[in-house]
Amino acid sequence: MEATGTDEVEKIKSKFMSAWHNMKYSWVLKTKTYFSRNSPVFLLGKCYHFKTEGEYRALGSFLSRNKLPTDGSSFDKISTEISGNVEEFRKDFISRIWLTYREEFPQIKGSALTTDCGWGCTLRTGQMLLAQGLMLHFLGRAWVWPEALAMDSCDSESWPSSTVRKLTASLEASLTAERDPRLLARPPARRDWDGTESRNELYHRKIISWFGDSPLAAFGLHQLIEYGKKSGKMAGDWYGPAVVAHILRKAVEEARDPELQGVTVYVAQDCTVYSSDVIDRQCSFVASGKAGTKAVIILVPVRLGGERTNTDYLEFVKGILSLEYCVGIIGGRPKQSYYFAGFQDDSLIYMDPHYCQSFVDVSIKDFPLESFHCPSPKKMSFKKMDPSCTIGFYCRTVQDFEKASEEITKMLKSSSKEKYPLFTFVKGHSRDYDFASGPLHEENDLFSEDEKKRLKRFSTEEFVLL
């Protein structure tokens, strides 16, 4: 009886905390983000210019003809056609998978928790990074969700419809000033999808379902927490970017869906990527008698400084986010984790998991997708970034990995003002350098002793996330 009473207290506490965090973080979707018209915007390797060369000529002609100042202050008066790639950027950003706090999902094993509000943000940003890697693998970087621009007419239960309309208009409004509001209310196009689009939509839904908040979802919160227990983490604890990197690796290794057998994850050891270890993972198909190699998602936990982020690393971070095979950065500011996906000037573009949404059952046919796509990007000064983070890359083939390692190595050397780069690629295996190299699969324990020591060290070194 006493245990039942304790469970009830925990459930009430959980509901109260969900309500509090939802109120606390509701501003996440209500604040407007401003983008400059004069600087390119990068999003996971794609570059968007909100003014093309022709638009610059139109601007100069307009200003000189009307004897207006040429500092850009009168740009808002130009024809509504001068908006550059605003819509293309919106479609691309909204198409990324957004994973946030959820409430009222099935109870987490070993606890009374039915929400991750207040403690699960780094697990969510890790999920977003892995989701982007899987999107590159199954859909390619050019894919965009056909319904992305219909988000402003979404009336899903998970969203107040008036808020959604305002939020999806915020980016457009910030770039186009007093444009005709009718342009923001375009009805979604209704058309039949062809075979390729139907196939892509199938994978789109499948990828999201792997991150569902249920015990059976391969990369859902419940599974990640189970893997986290092996490193001493429990539901309700705070997770750092490095610990999450190792949890993601184990989750991918243990996934049983046949679709996922062609993907593996490698986590750098002490800021070092051992090329032969990566290639061994990619060629594990060959060892089992299957044709072809695996794609690899490389995760590199790093620190961008001591107590605070060293601004000398800004150009390197921007360079990384300019690469199409970059799958983002698990990072944030002190006490909050964000998923960094791009930048403009010296500000990082991110998706924020600190918004509590209702549980969505992804096992049902045609489950609603809207709450898994963020209608509005956020920006943050690089200076505010916490130094602890995990950088991710995706390489489809061994040749892609070799090319990426060469390109990133050059970038590391050119951006490093100090004797040692942020991380390195070296030839050979980790065992060649007297580092313990645990087997890919262990029968009785998911983490080797060496990994446990490393995870415990990361747990004590990293910042606390709320």
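Above this text sits the structure in question.
About the criteria used
- Residues numbered from 1 in each chain as written.
- Predicted model: local features only at pLDDT ≥ 70, side-chain atom pairs only at ≥ 80, totals over all residues.
- Heavy atoms only, no water.
- Axes fitted to C-alpha atoms, helices over the stretch in contact; angles between N-to-C directions.
- Helix = DSSP H or I, 4+ residues; strand = E, 2+ residues; numbered from the N terminus.
- Parallel < 35°, antiparallel > 145°, perpendicular 65-115°, else oblique.
- Left-handed = near helix turned anticlockwise from the far one by under 90°.
- Contact = heavy atoms within 4.5 Å.
- Nonpolar A, V, L, I, M, F, W, Y, C, P; charged D, E, K, R; others polar.
- Buried < 20%, exposed > 50% of the residue type's maximum accessible area, 1.4 Å probe, protein only.
- Expected span 1.5 Å × (residues − 1).
- Phe/Tyr/Trp six-rings, centres within 6.5 Å; stacked < 30°, edge-to-face > 60°.
- Salt bridge = Lys/Arg side-chain N within 4 Å of Asp/Glu carboxyl O.
- Core = buried A, V, L, I, M, F, W, Y, C linked by side-chain atoms within 4.5 Å.

1. Description of the packing of helix α7 (residues 221-229) against helix α8 (residues 241-254)
Geometry of a packed helix pair, given as the angle between the helix axes and the separation of the axes.
Here's step 1: Between α7 and α8, the least distance of the axes is 9 Å, while the angle of their chain directions is 115 degrees. Viewed along their axes, α7 and α8 adopt a mutual orientation that is roughly perpendicular. Like other packed secondary-structure pairs, α7 and α8 cross with a definite hand, here right-handed. Judged by residue contacts, Leu-224, Tyr-227 and Gly-228 of α7 engage Ile-247, Leu-248, Lys-250, Ala-251 and Glu-254 from α8.
Here's step 2: Its residues assigned to classes, the contact of α7 with α8 shows five nonpolar, one polar and two charged.

2. Describing the environment of Tyr-274
Here's step 1: Residue placement: Tyr-274 occurs in strand β5 (residues 272-274).
Here's step 2: The class of Tyr-274 is buried, set by a relative accessible area of 3%.
Here's step 3: Residues Tyr-274 and His-429, spaced 155 residues apart in sequence, show a C-alpha to C-alpha distance of 5.5 Å.

3. Regarding helix α6 (residues 195-210)
Here's step 1: The terminal C-alpha atoms of α6 lie 23 Å apart, and with 16 residues this matches the ideal 22 Å at 1.5 Å per residue to within 8%.
Here's step 2: When α6 is considered as a whole, its buried residues turn out to be Glu-197, Asn-200, Glu-201, Tyr-203, His-204, Ile-207, Ile-208 and Trp-210.
Here's step 3: Contacts made by the buried residues of α6 are with α4 (121-138).

4. Some thoughts on the packing of aromatic side chains
Here's step 1: Going through the model one piece at a time under the given rule, you end up with 20 aromatic pairs.
Here's step 2: Ring centres of Tyr-274 and Tyr-433 lie 5.4 Å apart, and the angle between their planes is 45 degrees; on these two criteria the pair is classed as tilted. In this pair, Tyr-274 is assigned in strand β5 and Tyr-433 in the loop between β13 (424-426) and α13 (449-461), connecting sequence segments 159 residues apart.
Here's step 3: With a centroid separation of 6.3 Å and 90 degrees between ring planes, the pair formed by Tyr-338 and Phe-340 is classed as edge-to-face.
Here's step 4: An aromatic cluster is present here, built from Phe-316, Tyr-325, Phe-393, Phe-401, Phe-423 and Phe-425 joined pairwise through their rings.

5. Observations regarding the packing of α4 against α7
Here's step 1: Taken N-terminus to C-terminus, the directions of α4 and α7 make an angle of 110 degrees; their axes are 11 Å apart at the nearest point. Classified by the angle between their axes, α4 and α7 sit roughly perpendicular to one another. In the packing of α4 onto α7, the handedness of the crossing is right-handed. Taken together, the residues of α7 that come into contact with α4 (itself represented by Leu-123, Arg-124 and Gln-127) are Leu-221, Leu-224 and Ile-225.
Here's step 2: Residue composition of the contact of α4 with α7, grouped by class: four nonpolar, one polar and one charged.

6. Quick word on the pattern of salt bridges
Here's step 1: Applying the stated criterion across every chain, the model contains 14 salt bridges.
Here's step 2: Here Arg-281 makes a salt bridge to Glu-253, at a shortest N to O gap of 3.1 Å. In this pair, Arg-281 sits in helix α9 (residues 275-282) while Glu-253 sits in helix α8, placing the two residues 28 residues apart along the sequence.
Here's step 3: Judged by relative accessible area, which is 10%, Glu-253 ranks as buried.
Here's step 4: One salt bridge in this structure joins Asp-346 and Lys-318, with 3.4 Å as the shortest N-O distance. Placement of Asp-346 in the loop between β8 (336-344) and β9 (347-351) and of Lys-318 in helix α11 (residues 314-321) is noted, with a sequence separation of 28 residues between them.
Here's step 5: Residue classification places Asp-346 among the partly exposed positions, given a relative accessible area of 43%.
Here's step 6: Lys-318 sits in the buried class, given a relative accessible area of 12%.
Here's step 7: One salt-bridge network, held together by shared partners, links Arg-249, Lys-250, Glu-253 and Arg-281.

7. Some remarks on α8
Here's step 1: Over its 14 residues, α8 runs 20 Å from end to end, which matches the ideal 20 Å to within 8%, given 1.5 Å per residue.
Here's step 2: The element α8 is extensively covered by neighbouring structure, given that 13 of its 14 residues are classed as buried.

8. What to know about the nonpolar core
Here's step 1: By size, the foremost hydrophobic cluster in this structure holds 73 residues, and its most contacted members are Phe-89, Trp-119, Leu-134, Ile-207, Trp-210, Phe-211 and Phe-219.
Here's step 2: At nine residues, the largest contribution of residues to this core is made by α4.
Here's step 3: Not counting residues within four places of it along the chain, the set of residues in contact with Phe-219 comprises Gln-127, Leu-130, Leu-134, Trp-210, Phe-211, Leu-224, Ala-251, Val-252, Ala-255 and Leu-260.

So, to be careful, I would describe these as geometric facts and stop short of saying anything about function.
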